[in-house]
Amino acid sequence: MTTWRPRPHIRVVAIGLHWRDGRLLAAEVRDDAGRIKGVRPLGGEIEFGESWRTALAREFNEELGIDIAITGEPLMMENIYVHEGATGHEVMFIAEVAFPQHAFAGQDRIDFREDNGEEIVARWFDLADLDVPDGPSLYPGGLKDLLLRRD
């Protein structure tokens with residue numbers, strides 16, 4: 001198992017909101033012992049000189065091997081958090097994305113690998129099951145409220 005810690009600088013990231021039957025696609029976030037502590041929509045860091053749109057499309061292509069369509073303007077969010085005792089800081093572009101027709105049809109999960117070799121599992125989650133007692137958290141913190149307010 002790979003242990004991950006936030007780096008001590010501000011990251012700029014783009015994450016995509018993909019929905020299936022009202023459920024959000026999100027990757028499992030695990031603690032050092034391998035327990036699921038939460039989930040987070042897919043995406044990643046924007047590289048220098050890259051637009052958020054280009055980064056978001058690149059991340060989905062690298063992680064899932066698909067070409068997405070970005071279907072709206074981004075929500076913006078600042079995310080200051082603690083993971084396993086280390087503080088992280090992100091500025092986030094959060095946008096709705098559409099998959100190619102029939103991509104991952106019939107699958108309830110998607111397995112893929114990060115650049116560092118870490119195995120990741122993504123599933124579709126009902127927002128009502130996230131950020132509740134005995135349920136996984138939705139990361140970044142505050143995203144669920146932001147999504148509920150926009151409807």
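Everything that follows concerns the structure shown earlier in this document.
Because the structure is predicted, anything quoted here is derived from the model rather than measured.

Engineer: Help me understand the environment of Gly-141, please; the structure alone is not making it clear to me.
Structural biologist: In this fold, Gly-141 is placed in the loop between strand E11 (137-138) and helix H2 (143-150). When the C-alpha atoms of Gly-141 and Glu-78 are compared, they prove to be 9.8 Å apart, with 63 residues separating the residues in sequence. Sequence-distant contacts of Gly-141, defined by excluding residues within four places in its chain, comprise Met-77 and Asn-79.

Engineer: I would appreciate a short explanation of the nonpolar core in the present structure.
Structural biologist: Counting 22 residues, the largest nonpolar core has Leu-42, Leu-56, Phe-60, Leu-64, Phe-99 and Ile-110 as its most contacted members. When contributions to this core are tallied by element, the ones reaching two or more residues are strand E3 (23-30), helix H1 (52-64), strand E8 (86-98), strand E9 (109-113) and strand E10 (119-125). With five residues, H1 is the largest single contributor of residues to this core. Beyond its immediate chain neighbours, meaning those up to four positions away, Phe-99 contacts His-18, Leu-25, Phe-60, Leu-64, Ile-66, Ile-68 and Phe-104. Judged by nonpolar contacts, the second largest core, of 16 residues, contains Ile-15, Leu-17, Phe-125 and Leu-127.

Engineer: Where do I start with unusual backbone geometry in this structure?
Structural biologist: Apart from glycine, the bulk of residues carry a negative phi angle, and the bulk of peptide bonds sit in the trans form. Across the junction of Tyr-139 and Pro-140, the peptide omega takes the value 0 degrees, indicating a cis bond. If you trace the backbone, Pro-140 turns up in the loop between E11 and H2. For His-102, which is not glycine, the phi dihedral falls at a positive 75 degrees. Among the secondary structure elements, His-102 is positioned in the loop between E8 and E9.

Engineer: Just to check I follow, could you spell out the pattern of salt bridges for this structure?
Structural biologist: Oppositely charged side chains can pair when the atoms bearing their charge come close. Scanning all chains against the criterion turns up 12 salt bridges. Salt-bridge contacts for Asp-111 lead to Arg-109; the nearest nitrogen and oxygen are separated by 2.5 Å. Salt bridges linked by common partners bring Glu-47, Glu-50, Arg-58, Glu-59 and Glu-62 together as one network.

How each quantity is defined
Residues numbered from 1 in each chain as written. Predicted model: local features only at pLDDT ≥ 70, side-chain atom pairs only at ≥ 80, totals over all residues. Heavy atoms only, no water. Helix = DSSP H or I, 4+ residues; strand = E, 2+ residues; numbered from the N terminus. Contact = heavy atoms within 4.5 Å. Core = buried A, V, L, I, M, F, W, Y, C linked by side-chain atoms within 4.5 Å. Buried < 20%, exposed > 50% of the residue type's maximum accessible area, 1.4 Å probe, protein only. Salt bridge = Lys/Arg side-chain N within 4 Å of Asp/Glu carboxyl O.

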